[in-house]
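As a plain string of letters, each chain reads:
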Amino acid sequence: MGQKTNPFGFRLGTIKTWDSKWFAAKNYAKFLHEDLTIKRFLKRRLHQAGVSKIEIERAANKDKRAKINIYTSRPGLVIGRKGAEVESLKKELQRITDKEVILNITEIKRPEIDAQLVAENIALQLERRVSFRRAMKRNVSQALKFGAKGIKAMCSGRLAGAEMARTEWYREGRVPLQTIRADIDYGTTTAMTKYGVIGIKVWVFKGEIYQEAT
């Protein structure tokens, strides 16, 4: 059997870097749980805004401050009219974490080749009772059209309401998972369908990177 590993973890320190950037000698567990709480809250609060990634940075000498970078395909929904939505979001986060929060909103220019957003799009279609084959094929062909070098989409569960759970996948182009310099974007989510939970995984190959991660 193949020994599967997470594409991000496999490339950490070479071409990928961490989503949480801080160091703690004493309060590691506290900061870790705080990070998880922030990410869960933001994902739930901004579920319609197409949030792909949330990065959290803390300065070594400033325990009471956290900088949060939100990568979204619909920044207008996050910012709101005249920045009203960002301000209310900041206040809610400060209430949860008891820290000063700095929010940075970054727009994702091509959501069609962002693995997390592709996975969430497939999940949304499955929840709306679209055929899983149609949903996967449409997103795979769209990603290639928008410049991906290769893409693989996988669905696992009671597909089309079948009695037995199974796994189906489609791949177009190259997806070299064992090449460390290959820029593989990876996304995973679950679709809550009438028949049960369906797991979705997406790998997008965007090309090769030859410089070190910063």
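**Student:** Is there a simple way to explain the nonpolar core in this structure?
**Tutor:** With 22 residues, the main nonpolar core has Ile 122, Leu 126, Cys 155, Ile 200 and Val 202 as its most contacted residues. Residue assignment for this core shows that the elements contributing at least two residues are helix H5 (115–127), helix H6 (132–145), strand S5 (150–157) and strand S8 (196–208). The greatest single-element share of this core, amounting to six residues, is contributed by H5. With residues near it in sequence (within four places) discarded, Ile 122 still touches Ala 135, Met 136, Asn 139, Ala 153, Cys 155, Ile 200 and Val 202. Residues Leu 46, Ile 54, Ile 56 and Ile 70 belong to the second largest nonpolar core, which totals 16 residues.

**Student:** I keep staring at the pairing of strand S3 (residues 65–72) and nothing clicks. Help me out?
**Tutor:** Taken residue by residue, a regular strand's side chains alternate between the two faces of the sheet. Direction of pairing for strand S2 (residues 51–57) relative to S3: antiparallel, over a ladder of six bridges. Bridge pairing in S3 places Lys 53 opposite Tyr 71. Strand direction decides the pairing type here: S3 and strand S4 (residues 100–107), joined by eight bridges, are parallel. The residue of S4 that forms the bridge with Ile 70 is Ile 105.

**Student:** Would you explain a nonpolar patch on the surface in this entry?
**Tutor:** Where nonpolar side chains cluster on the molecular surface, the patch consists of Tyr 28, Leu 32 and Leu 36 and spans about 260 Å² of accessible area. Locating Leu 32 in the fold gives a position in helix H2 (residues 28–45).

**Student:** Would you mind going over H2 with me for this structure?
**Tutor:** Along an α-helix, residues three or four apart share an orientation, since each turn contains 3.6 residues. With 18 residues, H2 should cover 26 Å at 1.5 Å per step; its first-to-last C-alpha distance of 26 Å lies within 8% of that length. Within the span of H2, buried status applies to Phe 31, Glu 34, Asp 35, Ile 38, Phe 41 and Leu 42. Buried residues of H2, viewed axially, fall in a sector of 135°; they line one side. The outward face of H2, more than 90 degrees from its buried face, is lined by the exposed residues His 33, Arg 40 and Arg 44.

**Student:** How should the sheet that holds S2 be read in this particular structure?
**Tutor:** A sheet is described by the order of its strands in space; here four strands give the open sequence S1-S2-S3-S4, paired in mixed fashion. At either margin of the open sheet sits one strand with a lone partner, and together these are strand S1 (20–21) and S4. Along the sheet face, helix H4 (residues 84–97) touches S3 and S4 and points at about 135° away from the line of S4.

Parameters at a glance
- Residues numbered from 1 in each chain as written.
- Predicted model: local features only at pLDDT ≥ 70, side-chain atom pairs only at ≥ 80, totals over all residues.
- Heavy atoms only, no water.
- Core = buried A, V, L, I, M, F, W, Y, C linked by side-chain atoms within 4.5 Å.
- Buried < 20%, exposed > 50% of the residue type's maximum accessible area, 1.4 Å probe, protein only.
- Helix = DSSP H or I, 4+ residues; strand = E, 2+ residues; numbered from the N terminus.
- Contact = heavy atoms within 4.5 Å.
- Pairing = 2+ DSSP bridges.
- Patch = residues over 30% accessible without salt bridge, like charges linked within 9 Å, V, L, I, M, F, W, Y side chains within 5 Å.
- Areas by Shrake-Rupley, 256 points an atom, 1.4 Å probe, with all protein chains shown as cover.
- Salt bridge = Lys/Arg side-chain N within 4 Å of Asp/Glu carboxyl O.
- Expected span 1.5 Å × (residues − 1).
- Arc of directions from axis to C-beta.
- Axes fitted to C-alpha atoms, helices over the stretch in contact; angles between N-to-C directions.

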